[in-house]
Amino acid sequence: MQVSERMKHIRNFSIIAHIDHGKSTLADRILEATQTVSKRDMEEQLLDNMDLERERGITIKARAVKLNYRATNGEDYVFNLIDTPGHVDFNYEVSRSLNACDGALLVIDATQGIEAQTLANAYLAVDANLEVVPVINKIDLPSADVDRVRNEVEEIIGIPAQDCPAVSAKSGLNIESVLEKIITDVPSPVGDESAPLKALIFDSYYDSYLGVVVNIRVIDGEVKAGDKILLMSNGTTYEVVEVGTMEPFGLCKGECLRAGEVGYITASIKSVGDTRVGDTVTLAQNPTKEALPGFKAVKPMVYAGIYPADGARYGDLRDALDKLQLNDAALSFEPETSIALGFGFRCGFLGLLHMEVIEERLEREFNLDLITTAPSVIYEIKLKNGEVKMIDNPSNFPQPDTIEIASEPLVKANIITPTEFVGGLMDLCQDRRGEFVDMKYIDTTRVELHYRLPLNEIIYDFFNALKSRSRGYASLDYEIIGYFPSKLIKLDFLLNGEQVDALSFIVHEEKAYARARRITEKLKENIPRQLFEVPIQAAIGTKVIARETVKAMRKDVLAKCYGGDITRKKKLLEKQKEGKKKMRQLGSVQVSPEAFMAVLRLDDES
Amino acid sequence: MKVKSDKANGKSGIYIHIPFCRQKCLYCDFCSFPVASAESIASYVSALVDEIERNAEKYRRRAVDTVYFGGGTPTLLTPKQFEAILTSLGGVFDISHDSEITVECNPATANEQYFAELRSLGINRVSIGVQSANQNELSALGRIHSFGDAVKTVEDAKKAGFSNVSADIMFGIPEQTEESFLFTLESICKLDIPHISAYGLKIESGTPFAKNHKSLVLPDEDSEYNMYETAVKLLSQHGIERYEISNFAKKGYASRHNLKYWQYYDYIGFGVSAHSFVDGIRYSNSRDIKAYVNGLDIRDSFERIDNRAAENEYVMLGMRLSDGIDTTLFEKRFGESFNSKFGPALSPFVKSGHVIFENGICRFSNTGFYVSNYILSSILDM
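Residues numbered from 1 in each chain as written. Chains lettered and ligands numbered in written order. Predicted model: local features only at pLDDT ≥ 70, side-chain atom pairs only at ≥ 80, totals over all residues. Heavy atoms only, no water.

**With respect to the overall build of chain B**
Here is step 1: From N to C terminus, chain B includes 16 helices and 17 strands.
Here is step 2: Taken over 382 residues, chain B has a buried fraction of 58%.
Here is step 3: For chain B, the proportion of contacts with a sequence separation of at least 24, taken over those separated by at least 6, is 71%.
Here is step 4: As displayed, chain B has an accessible area near 15300 Å², and 51% of this comes from carbon and sulfur atoms. (Helix = DSSP H or I, 4+ residues; strand = E, 2+ residues; numbered from the N terminus. Buried < 20%, exposed > 50% of the residue type's maximum accessible area, 1.4 Å probe, protein only. Contact = heavy atoms within 4.5 Å. Areas by Shrake-Rupley, 256 points an atom, 1.4 Å probe, with all protein chains shown as cover.)

**Digging into the overall build of chain A**
Here is step 1: Each helix and strand in chain A was counted, giving 15 helices and 33 strands.
Here is step 2: A total of 606 residues make up chain A; the buried ones form 57% of that total.
Here is step 3: Taking all contacts inside chain A whose residues are at least 6 apart in sequence as the whole, residues at least 24 apart take part in 69%.
Here is step 4: For chain A, the accessible area works out to roughly 25300 Å², and carbon and sulfur atoms hold 48% of it.

**Quick look at the sheet that holds strand 10 (residues 236–239) of chain A**
Residue and element names in this part refer to chain A.
Here is step 1: If you walk across this open sheet you meet the eight strands as 10-9-15-6-7-14-11-12, and the pairing is antiparallel. Either end of the sheet is taken by a strand with one partner, and the two such strands are strand 10 and strand 12 (250–254). Going across the sheet, the axis of each strand differs from the next one's by a mean of 40°, ignoring polarity.
Here is step 2: Two elements, strand 6 (residues 198–207) and strand 7 (residues 211–220), share nine bridges in a ladder whose sense is antiparallel. By the bridge assignment for strand 7, leucine 200 is matched with arginine 217. (Pairing = 2+ DSSP bridges. Axes fitted to C-alpha atoms, helices over the stretch in contact; angles between N-to-C directions.)

**A closer look at the pattern of salt bridges**
All names here are of chain A.
Here is step 1: According to the stated counting rule, one finds 51 salt bridges over all chains in the structure shown.
Here is step 2: One salt bridge connects aspartate 227 with lysine 224, and the closest N-O pair in it is separated by 3.5 Å.
Here is step 3: You can call lysine 224 partly exposed: its relative accessible area is 37%. (Salt bridge = Lys/Arg side-chain N within 4 Å of Asp/Glu carboxyl O.)

**Brief notes about the confidence of the model for chain A**
Here is step 1: On average, residues of chain A score 86 in pLDDT, and 92% of them are at 70 or above.
Here is step 2: Here residues 44–48 of chain A is a poorly scored stretch, pLDDT under 50, and it has 25 contacts once near neighbours within four places are set aside; other chains count. (pLDDT = per-residue confidence, 0-100.)

**Structural notes on unusual backbone geometry**
Here is step 1: A cis amide bond links glycine 71 of chain B to the next residue, glycine 72 of chain B, at an omega of 15°.
Here is step 2: Here glycine 72 of chain B lies in the loop between strand 4 (63–71) and helix 3 (79–92).
Here is step 3: Backbone geometry places lysine 138 of chain A, a non-glycine residue, at a positive phi of 65°.
Here is step 4: Structurally, lysine 138 of chain A is set in the loop between strand 5 (131–137) and helix 6 (146–157).
Here is step 5: Of note, the phi angle at glutamine 131 of chain B is positive, near 70°, even though the residue is not glycine.
Here is step 6: With respect to the helices and strands, glutamine 131 of chain B occurs in strand 6 (residues 125–131).

**Focus on a nonpolar patch on the surface**
All names here are of chain A.
Here is step 1: Where nonpolar side chains cluster on the molecular surface, the patch consists of Phe436, Met439 and Tyr441 and spans about 310 Å² of accessible area.
Here is step 2: Mapped onto the elements, phenylalanine 436 comes out in strand 24 (residues 435–441).
Here is step 3: Assessed through its relative accessible area of 39%, phenylalanine 436 is described here as partly exposed. (Patch = residues over 30% accessible without salt bridge, like charges linked within 9 Å, V, L, I, M, F, W, Y side chains within 5 Å.)

**Concerning the interface of chain A and chain B**
Here is step 1: Contacts between chain A and chain B engage 29 residues on the former and 49 residues on the latter.
Here is step 2: Interface area for chain A against chain B, summed over the two sides, is near 3800 Å², with a carbon-plus-sulfur share of 55%.
Here is step 3: For the pair chain A and chain B, the interface holds seven salt bridges.
Here is step 4: Where chain A packs against chain B, one counts 13 residue pairs in polar contact (both at pLDDT 80 or more).
Here is step 5: Tallying contributions element by element places helix 14 (residues 566–581) of chain A first for the side of chain A that touches chain B, with eleven residues. (Buried area = accessible area lost by both parts, 1.4 Å probe. Polar contact = N/O pair within 3.5 Å; in protein donor to acceptor, adjacent residues only side chain to side chain.)

**Some thoughts on a negative patch on the surface**
Here is step 1: A grouping of Asp310, Glu363, Asp369 and Glu594 of chain A is seen on the molecular surface, where their side chains present a negatively charged patch.
Here is step 2: Topologically, aspartate 310 of chain A is positioned in the loop between strand 16 (302–308) and helix 8 (314–326). (Lys, Arg positive; Asp, Glu negative; His and termini not counted. Charge placed at Lys NZ, Arg CZ, Asp CG, Glu CD.)

**Quick notes on the sheet that holds strand 3 (residues 76–83) of chain A**
Residue and element names in this part refer to chain A.
Here is step 1: Taken together, the five strands give an open sheet; going across it, the order is 2-3-1-4-5, and neighbouring strands pair in mixed fashion. Looking at which strands have only one partner, the edges of the open sheet turn out to be strand 2 (63–70) and strand 5. Sheet twist, expressed as the average angle between the axes of neighbouring strands with direction ignored, equals 30°.
Here is step 2: Bridge analysis of strand 4 (residues 103–109) against strand 5 gives seven bridges, and the strand direction is parallel. Within strand 5, the residue paired with leucine 106 across the bridge is proline 134.

**Considering the packing of aromatic side chains**
All names here are of chain B.
Here is step 1: Using the criterion set out here, one finds 34 aromatic pairs over all chains in the structure.
Here is step 2: Pairing tyrosine 44 with tyrosine 292 gives two aromatic rings, centres 5.4 Å apart and planes at 40°, and the pair type is tilted. Of this pair, tyrosine 44 sits in helix 1 (residues 38–54) while tyrosine 292 is found in helix 11 (residues 289–293), placing the two residues 248 residues apart along the sequence. In this structure, tyrosine 44 and tyrosine 292 share a single accessibility class: buried. (Phe/Tyr/Trp six-rings, centres within 6.5 Å; stacked < 30°, edge-to-face > 60°.)

**Focus on the environment of threonine 109 of chain B**
All names here are of chain B.
Here is step 1: Tracing the chain through its elements places threonine 109 in the loop between strand 5 (94–105) and helix 4 (112–120).
Here is step 2: Residues threonine 109 and aspartate 149, 40 residues apart in the sequence, show an inter-C-alpha distance of 9.2 Å.
Here is step 3: If we skip the residues at most four places from it in the chain, threonine 109 touches Arg22, Thr73 and Thr75.
Here is step 4: Here asparagine 106 takes part through its backbone oxygen, which lies 2.5 Å from a polar atom of the side chain of threonine 109.

**Let's talk about the pairing of strand 23 (residues 403–418) of chain A**
Residues and elements named next belong to chain A.
Here is step 1: With respect to burial, strand 23 is a largely interior element, 13 of its 16 residues being buried.
Here is step 2: In the sheet, strand 21 (residues 379–383) pairs with strand 23 via four bridges, with the strands oriented antiparallel. When the sheet's bridge partners are listed, lysine 382 is paired in strand 23 with isoleucine 405.
Here is step 3: Bridging between strand 23 and strand 25 (residues 446–454) involves nine bridges; their strand directions are antiparallel. Each bridged residue has a counterpart across the sheet, and for proline 418 the counterpart in strand 25 is arginine 446.

**Some words on the side chain of serine 276 of chain B**
All names here are of chain B.
Here is step 1: Within the element layout of this structure, serine 276 appears in strand 12 (residues 275–278).
Here is step 2: A relative accessible area of 2% places serine 276 in the buried class.
Here is step 3: Side-chain polar atoms of serine 276 contact the backbone nitrogen of glycine 269, separated by 2.8 Å.
Here is step 4: In contact with serine 276, not counting residues within four places along its chain, are Tyr267, Ile268, Gly269, Ile281, Arg282 and Tyr283.

**Looking at the pairing of strand 18 (residues 342–349) of chain A**
Residue and element names in this part refer to chain A.
Here is step 1: In terms of burial, strand 18 is largely enclosed, as six of its eight residues are buried.
Here is step 2: Pairing analysis gives seven bridges linking strand 17 (residues 332–338) to strand 18, with the strands arranged antiparallel. Opposite threonine 337, over in strand 18, you have phenylalanine 343 as the bridge partner.
Here is step 3: Connecting strand 17 to the next strand, strand 18, in antiparallel fashion are three residues.

**Digging into helix 6 (residues 147–159) of chain B**
Residues and elements named next belong to chain B.
Here is step 1: Its 13 residues give helix 6 an end-to-end C-alpha distance of 18 Å, which sits within 8% of 18 Å, the value for a rise of 1.5 Å per residue.
Here is step 2: Among the residues of helix 6, those classed as buried are Phe147, Ala150, Val151, Thr153, Val154, Asp156 and Ala157.
Here is step 3: Capping the start of helix 6, serine 146 holds a side-chain oxygen 3.3 Å from the backbone nitrogen of glycine 148, two or three residues further along. (Expected span 1.5 Å × (residues − 1).)

**Remarks on the confidence of the model for chain B**
Residues and elements named next belong to chain B.
Here is step 1: The pLDDT averaged across chain B works out to 92; a share of 98% of its residues lies at or above 70.
Here is step 2: A low-confidence stretch, residues 1–9 (pLDDT under 50), is modelled with 13 contacts involving residues beyond four sequence positions or located in other chains.
Here is step 3: Reported confidence for the predicted complex is 0.83 by ipTM and 0.67 by pTM.

**Observations concerning the nonpolar core**
Here is step 1: Residues Ile16, Ile85, Leu89 and Phe270 of chain B are the most contacted members of the largest nonpolar core, which totals 115 residues.
Here is step 2: Domain assignment of the residues forming this core places at least three in each of domain 1 (12–261) and domain 2 (322–382) of chain B.
Here is step 3: Look past the residues within four positions of isoleucine 85 of chain B in its chain and what remains in contact with it is Ile16, Val45, Leu48, Val49, Ile52, Phe69 and Leu77 of chain B.
Here is step 4: Judged by nonpolar contacts, the second largest core, of 49 residues, contains Leu362, Tyr379, Phe397 and Leu466 of chain A. (Core = buried A, V, L, I, M, F, W, Y, C linked by side-chain atoms within 4.5 Å. Domains from an automatic or database assignment.)

**Details of the environment of alanine 110 of chain A**
All names here are of chain A.
Here is step 1: In this fold, alanine 110 is placed in the loop between strand 4 and helix 5 (116–127).
Here is step 2: Owing to a relative accessible area of 0%, alanine 110 belongs among the buried residues under this scheme.
Here is step 3: Sequence spacing of alanine 110 and valine 149 is 39 residues, and the spatial spacing of their C-alpha atoms is 6.2 Å.
Here is step 4: Those residues in contact with alanine 110, other than ones at most four positions away along the chain, are Ile136, Asn137, Lys138, Ile139, Ser143, Ala144, Asp145, Val146 and Val149.

Printed below as a string of structure tokens:
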């Protein structure tokens, strides 16, 4: 390994933080301070350029930007700031982005201190052998306690923090000290410029003119236009069309990318699915010996059926999913049909946030009204005949008497909370079939709780429940630890004696009765009266475990049709007719998409 | 294709709107104003006469056999003012000698002598807004009369020689119970009149009821159903049969004017907010009373009814009648088979017993009437 003069003036780093601790704001200030972006051109949180990201204040996709900085020592440096996603759904992407860096700024809110994601992200950074530079943010707020946070960082994470920068990203206070700290504390990249090309893919996206734009960090060697490259995970080869760097306002074509540098390549690649995050790029003729460690194909963890509210828009939905998938290799979908909902897709997501983001993008960017079925995790079912099935759709759940062992995924959950909420949160975890692992005091006021929890309990609104039971103070991080046997059953719902496939779900035996009752009640509330009485039943196999009835419609309006005002009467009927067009026929029962969604929205805290 | 008018079977009706009330009721969104002065009524009447006469050329002595004064409270006019309007109508239209001429009336706005004067003008039917026999309900509706006033008004009309008297009652109103509605029904039957209209309350936007909707204690859907059911049964026991969803009459006393609406005949409206359906065109006058009094012709709406719309309207209106739709008449009128047009959509409702379709007649069953909007909005091709 060698460090050239060129490489000594490069700093590759990322910013990590718990949600809302000010990561994106700090990134904005760094962009301004390096004068890469003038304040005038600055749009709030430039790096988060998806509407959704800006609204939710979270980063969904990783992206990188190259900045130039003249330090107080008079020398010029190149900063590559690699922004990482900020949510547990995207932990793998985070870890790959971090591998493209040599250091990380760990932003901590001076009023909140360390939170679950602060820890989780710090551990990810340490695992990636990064130099972690704490930055204490929001020191302009009256409740800021910088000294307490410094001590926390040293005690809990175990990295020195007495002289770490304390800033206000919002007001721009002390931003210079962060830039200088990057130069002194973040190591410059190391790598062999003359070795065969070895580069890490940390992101890719589809551009309609360039094809897939692959963001890479070059570890060894160099890459330029015309090179034949090999993607090591799948053995595909491409010819590089263009290389360059990511400047704040767009791509900037360059000559070549060399060891230590961060940039992009294009190579007429048609799908981001071919350029998996974490994969290693090398030269086809002169490949590197070993791929970079840690690659794995991301697998969806949560599945749900997505249907167009208007069945005629199935084609539009397919086109929209195709387009989103161009840029989101983690999204999977395949056609499915539901008797109740018609034609739609079974979609796989990294997690609930990912699912919500996809739903919102479909609705906003493609103007689709959707019906989404209850999210489900993947269950592993071992049949008595020895066959093992992975079930992502309740409709495919095998007959109970054919099942040998049913297993569900468990997670290791790490919850950080002020001590006063511990009782309530332990109840919550207990209620969600959690298994207590241990509890640690971070200081006298805060506790770190560890539980093993079924993933399917977490996807049912666990996060909101956690927030409401801790007045917003508790934070959560989790990782999947594997499949474990569980007493799983499939719960079906019948309207007027006919099973509504889209309402079925897989649930733990103990939870079946309560949930059956809740959903039948919700159905009763939300199904409008029909011309006939509608019995609602919840059943396990043929055994009915809950029942409600929607009474028959008795009368509709018999108002005065006044003085020959037929137009008004007509409008009333037209409106009623419009409403009916949107209705879904569930067997012989008509239900509006809104009602359907209201039933599926599971808020266990209510 | 232009709608074929059906002059051979029915003459036109005339509707005159009188937009004044002593006080506006809390549920009312019809065009009416608290009466300001005798002068304002007088200038409105002269504007009405102007409008009628302006249209002399257009209507050229068209044959008419019903005239309906609706409101508001038409009985705030003097008999002389009725006379002026009827005279001007007579000058423009060919009003048949056996016409039905109705005046709407609110209790305590007319006495025996007043009614006698109306009769002498050829007015032969009165429709009285009784609404309820329970004082608490009348107050809740914002009505300014008592049930005693209503009884006296009915008796005065009868004494003055009116045999064709109608009363409006309401169900589904605040504070009402099934028992209290039964009391209203029984009280109204004691008045021994040949025509009753029973309307369900609908909360219209912009009314005080709409603003206070949440604080209103209204009977639920099931009680409303029972009330309507009781009305149908009890009135029938008194020989007052349902001939239209909300209208009940003894034999020979169905409102000929209202039937014009349901049987799809032409009617011509005069006055603010008055609706007309003439030669395949629906239009309504503006609600702007100031402009109207100044002689301005402003239309709120204007719609040429094409053949498809006409078929739908015909069914929407005709199905309100107990007699339903005579499919032979439908075919004669539109040159298209009723069965091929509406049969498929109707068939589930025939199967469920909500619609009866036999011997060329299509009509709602008793249960079908209750949910007529639901069924109509399913079968109409709008």
